[in-house]
Amino acid sequence: MKKYEQLAKDIIKNVGGRENVNRLTHCITRLRFKLKDESKANTEVLKKMEGIVTVIKSGGQYQVVIGNHVPDVYDTVVEIGGFGGAANEEESKEKMSPFNKFIDIISGVFAPTLGVLCATGMIKGFNALFISLGLLTPESGTYQILNAIGDSLFYFFPILLGLTAAKKFKLNQFVGMAIGAALVYPALSGLTAGEPLFTLFQGTIIESSVHITFLGIPVILMNYSSTVIPIILATYVASKVEKGFKKIIPDVVKNFIVPFCTLLVVVPLTFIVIGPIATWAGQVLGAITVGMYNLSPIVTGIFMGAFWQVFVMFGLHWGLIPVAINNLTTLGYDPVLSLMFAASFAQIGVVLAILIKTKNKKLKSLCIPAFISGIFGVTEPAIYGVTLPRKKPFILSCVAAAVGGGILGAMGTMTYTIGGLGIFGIPTFINTQTGIDKGFYGALIAIAVAFVVGFILTLIGGFKDDETESNNNGNDMKNSIKEKELMKQEVLISPLKGEVKALSEVEDEAFSKGALGKGIAINPTEGKIFAPADGVLTTLFPTGHALGITTDNGTEVLIHIGMDTVKLDGKYFTPKVNQGEKIKKGQLLLEFDINAIKKEGYSVVTPIVITNSDSCLDIVETDKKRVDCKDELLTVLV
């Protein structure tokens, strides 16, 4: 954790502080923040930080691209920020467009599952490869156990999505999982045997046999294993139903009566209405995507290959992931995401050419890890660190990916399971029914051609090292100027009137030795505390003896009135504001009785400490011996 501690502190500070974060998740390479106010984030500062590749604002998310070690950085940010790995309950004030809201919901529901989904898909893909190569037989125990691992998550996917969708829609997570479990309850699938009671919608494309009823209402039983649309819709409805029951059920029995009522309403409703409609919608969606693909697989492949990296950059690929999973469920294969597979290999072909051609040591040091991670399908380091800043190489990688996508379309390559990225994704193109076929060989040809085309185009004219070096030197100078411009100072006014003392003179060692941060102390002559800057009163101790303030610029200020005054248990302290309130510079925050506190035998010397001073460039103290409230006290350089 300590390895990324400073980076985590800097990230939290420059996204506007903890109080500006509504939600934090992560994917393979990036932290995905949902901020209350994106204008409070210091995007340019973040982009220039060591350890951060770039920052992207897309789909209602503030995405900080880290690289392959993002899980470790995420854990550190969660620990330091006190996020608890979950969203803050307060809603963002920002109004998102319907499209951005859709992307935000899809990414929030699917992102937590993708790592394990890819892992199980890889196992299933390799199992199919072992069968095709004759290394295993379908009857062997090894095959059966590996197949169980590979199928486990996808078969019970409604339960997992019930959990993640419940988090997203603010539903009791176990209620979400219970709805998903009901959809894949094995005993229900056996009820479709035998003669139906009657048939609904006879003669239409949604003709359905009815084998059971619920309270006399016909139930159309569907196979919900591996499905995604029914559980997401059911969980959304459940969140609204639960909210309604919470308003009318007494608090004393809410803990079990609310889930009881919610499940009794939503599960039958899902089987009777939501599930069948969602399933039919999924089948229609699958038919539409396949129809579009069949119009011209080659053109579709060229388009998907050319723009896939652009989709990923802006987070638009999240809209295609549920479509692909739906196709795997309804059709048994997916033609959409298979067409983008050559893009990562096109990207690393370009990076390899730059690595060979450049004499710039710094660029070489970027190319090597970018190439290695790109082999495994993680291309953000290559895109943001190498090709995109130089524009032409990135365009050439898109051209090479388009060529690969056209080949994938021409060869009829399909994905048969969700699997890994890069080379680990190759087994996903093995047909689970017939084994290795033309489409699989098409995938191998496409990635080889995309790699070679990207490499050759870049090598023969897509990259000029002398221009890049001079550009880098120019950029270094510009960056140096920008860094100076970005260095800001914040002046904090004195929160109280009195005699200025050095922090080292304070009796408490936690303050005098700087353990809590740099700052200054004041022996007050008036019992009033004023806000030193605009910000938020993030902490107000119940005893009233200490306040924590986070300024709008991210400076964290602790004002501790006296020594050991916590023992007074709030006597002689009168707060004028509440914790969590927005405060203005110079606003009266608290009053305290100096004489009464002294009579009780306590010192009233008050430290004013910058608790995040380790992330500041410097803190300059006033040279005055006495200050009035609202005089300049500390200058914080950030």
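In the nomenclature of an unreviewed UniProt entry, the chain is known as PTS beta-glucoside transporter subunit IIBCA of Clostridium sardiniense. What UniProt records for the chain under Subcellular location (unreviewed entry) is the sentence "Cell membrane".

### Description of the overall build of the chain
Scanning the chain from terminus to terminus reveals 20 helices and 22 strands. Expressed as lengths along the three principal axes of its C-alpha atoms, the size of the chain is roughly 90 × 75 × 45 Å. Here the chain, with 638 residues, has 51% of them falling under the buried criterion. Restricting the contact set of the chain to residue pairs at least 6 apart, pairs at least 24 apart contribute 71%.

### Brief notes about the sheet that holds strand β22 (residues 632-637)
Reading across the sheet, the 3 strands line up as β9-β22-β20 and stay open at both edges, with antiparallel pairing between neighbours. The open sheet is flanked by β9 (489-493) and β20 (618-621), the only strands paired with a single partner. Between one strand axis and the next, the sheet turns by 20° as a mean value, whatever way the strands run. Pairing between β9 and β22: 5 bridges, direction antiparallel. Bridge pairing links V491 to T635 in β22.

### A closer look at the sheet that holds strand β19 (residues 606-610)
If you walk across this open sheet you meet the 8 strands as β17-β13-β14-β15-β19-β11-β10-β21, and the pairing is antiparallel. Both edges of this open sheet fall to β17 (582-583) and β21 (626-627), since each of them pairs with a single strand only. Both strand β13 (residues 535-540) and strand β14 (residues 546-551) contribute to a ladder of 5 bridges, which runs antiparallel. By the bridge assignment, L540 is partnered in β14 with L547.

### Points about the packing of helix α14 (residues 361-375) against helix α15 (residues 380-387)
Following both chains from N to C, one finds α14 and α15 inclined at 160°, their axes separated by 8 Å at the closest point. Classified by the angle between their axes, α14 and α15 sit roughly antiparallel to one another. When the axes of α14 and α15 are compared, the crossing they make is left-handed. For the pair α14 and α15, contact is made by L363, L366, C367, A370 and S373 and by P381, A382, G385 and V386, respectively. Split into classes, the residues belonging to the contact of α14 with α15 amount to 7 nonpolar, 2 polar and no charged.

### Here's the deal with the packing of aromatic side chains
A ring pair, where both rings are aromatic, is described by two values, the distance of the centres and the angle of the planes. This structure, assessed with the given rule, holds 12 aromatic pairs. Both rings, one in F126 and one in F130, keep their centres 6.5 Å apart while their planes meet at 25°; by these two values the pair is stacked. Separated by 4 residues within a single helix, F126 and F130 lie in helix α4 (residues 98-132), roughly one turn from each other. Taking the relative accessible area as the measure of exposure, F126 reaches 27% and is therefore partly exposed.

### Quick notes on the packing of helix α6 (residues 157-169) against helix α7 (residues 173-183)
Contact geometry of α6 with α7 gives a least axis separation of 7 Å together with a crossing angle of 150°. Here α6 is positioned roughly antiparallel relative to α7, judged by the angle of their axes. Helix-helix and strand crossings are classified by hand; for α6 and α7 the assignment is right-handed. Within the contact between the two elements, α6 uses P158, I159, G162, L163, A166 and K167 and α7 uses Q173, G176, M177, G180 and A181. Classifying every residue of the contact of α6 with α7 by side-chain character gives 6 nonpolar, 4 polar and 1 charged.

### Here's the deal with the pattern of salt bridges
All chains considered together, the criterion is met by 10 salt bridges. One salt bridge connects D552 with K582, and the closest N-O pair in it is separated by 2.6 Å. Here the residue D552 occupies a position in the loop between β14 and β15 (556-560), and K582 occupies one in strand β17, the gap between them amounting to 30 residues. Take K582: its relative accessible area is 43%, and that puts it in the partly exposed class. Across the pair E591 and K576 runs a salt bridge, and its minimum N-O distance is 3.9 Å.

### Let's talk about the pairing of strand β18 (residues 588-592)
In the sheet, strand β12 (residues 528-530) pairs with β18 via 3 bridges, with the strands oriented antiparallel. Across the sheet, I529 pairs through a bridge with L590, a residue of β18. Pairing of strand β16 (residues 573-575) with β18, which is carried by 3 bridges, proceeds in the antiparallel orientation. The partner of T574 across the bridge, within β18, is E591.

### Re the nonpolar core
Soluble, globular proteins show a tendency: their nonpolar side chains are buried together. Counting residues in each nonpolar core, the largest one holds 43 residues, and the members touching the most others are W308, F341, V351, I354, C367, V386 and L408. Of all the secondary structure elements, the ones that give two or more residues to this core are α4, α11 (297-313), α13 (343-357), α14, α15, α16 (392-410) and α17 (438-462). Grouped together as the second largest cluster of nonpolar side chains are 38 residues, I106, I232, A234 and V266 included.

### Focus on the environment of T113
Mapped onto the fold, T113 is located in helix α4. Separated by 47 residues in sequence, T113 and I66 have C-alpha atoms that sit 19 Å apart. Apart from residues lying up to four places away in sequence, T113 is in contact with F157, L161 and T164.

### Some words on unusual backbone geometry
Notably, K170 is not glycine yet its phi reads approximately 60°, a positive angle. Mapped onto the secondary structure, K170 falls in the loop between α6 and α7. Classification of K170 as partly exposed rests on a relative accessible area of 39%. Despite not being glycine, K630 has its phi angle at roughly 85°, a positive value. Within the element layout of this structure, K630 appears in the loop between β21 and β22.

### Re helix α3 (residues 70-81)
Its 12 residues give α3 an end-to-end C-alpha distance of 16 Å, which sits within 8% of 16 Å, the value for a rise of 1.5 Å per residue. Looking at the buried side of α3, the elements it contacts are α1 (5-14), β1 (21-26) and β2 (30-35). One or two residues past the end of α3 sits G82, with phi positive at roughly 70°.

### Quick word on a nonpolar patch on the surface
A cluster of nonpolar side chains, contributed by I356, V452, I456, L459 and I460, occupies part of the molecular surface with about 450 Å² of accessible area. In terms of residue count, the dominant contributor to the nonpolar patch is α17 (4 residues). Note that I456 resides in helix α17.

### Re the state of the cysteines
In protein structure, a disulfide is the covalent linkage between the sulfur atoms of two cysteines. Applying the stated criterion to the full structure yields 0 disulfides. The thiol sulfur of C398 is not disulfide-bonded, and the nearest other cysteine sulfur, from C367, lies at 17 Å.

Calculation notes
- Residues numbered from 1 in each chain as written.
- Predicted model: local features only at pLDDT ≥ 70, side-chain atom pairs only at ≥ 80, totals over all residues.
- Heavy atoms only, no water.
- UniProt positions renumbered as here; feature names shortened; annotations may be inferred.
- Helix = DSSP H or I, 4+ residues; strand = E, 2+ residues; numbered from the N terminus.
- Buried < 20%, exposed > 50% of the residue type's maximum accessible area, 1.4 Å probe, protein only.
- Contact = heavy atoms within 4.5 Å.
- Pairing = 2+ DSSP bridges.
- Axes fitted to C-alpha atoms, helices over the stretch in contact; angles between N-to-C directions.
- Parallel < 35°, antiparallel > 145°, perpendicular 65-115°, else oblique.
- Left-handed = near helix turned anticlockwise from the far one by under 90°.
- Nonpolar A, V, L, I, M, F, W, Y, C, P; charged D, E, K, R; others polar.
- Phe/Tyr/Trp six-rings, centres within 6.5 Å; stacked < 30°, edge-to-face > 60°.
- Salt bridge = Lys/Arg side-chain N within 4 Å of Asp/Glu carboxyl O.
- Core = buried A, V, L, I, M, F, W, Y, C linked by side-chain atoms within 4.5 Å.
- Expected span 1.5 Å × (residues − 1).
- Patch = residues over 30% accessible without salt bridge, like charges linked within 9 Å, V, L, I, M, F, W, Y side chains within 5 Å.
- Areas by Shrake-Rupley, 256 points an atom, 1.4 Å probe, with all protein chains shown as cover.
- Disulfide = S-S within 2.5 Å.

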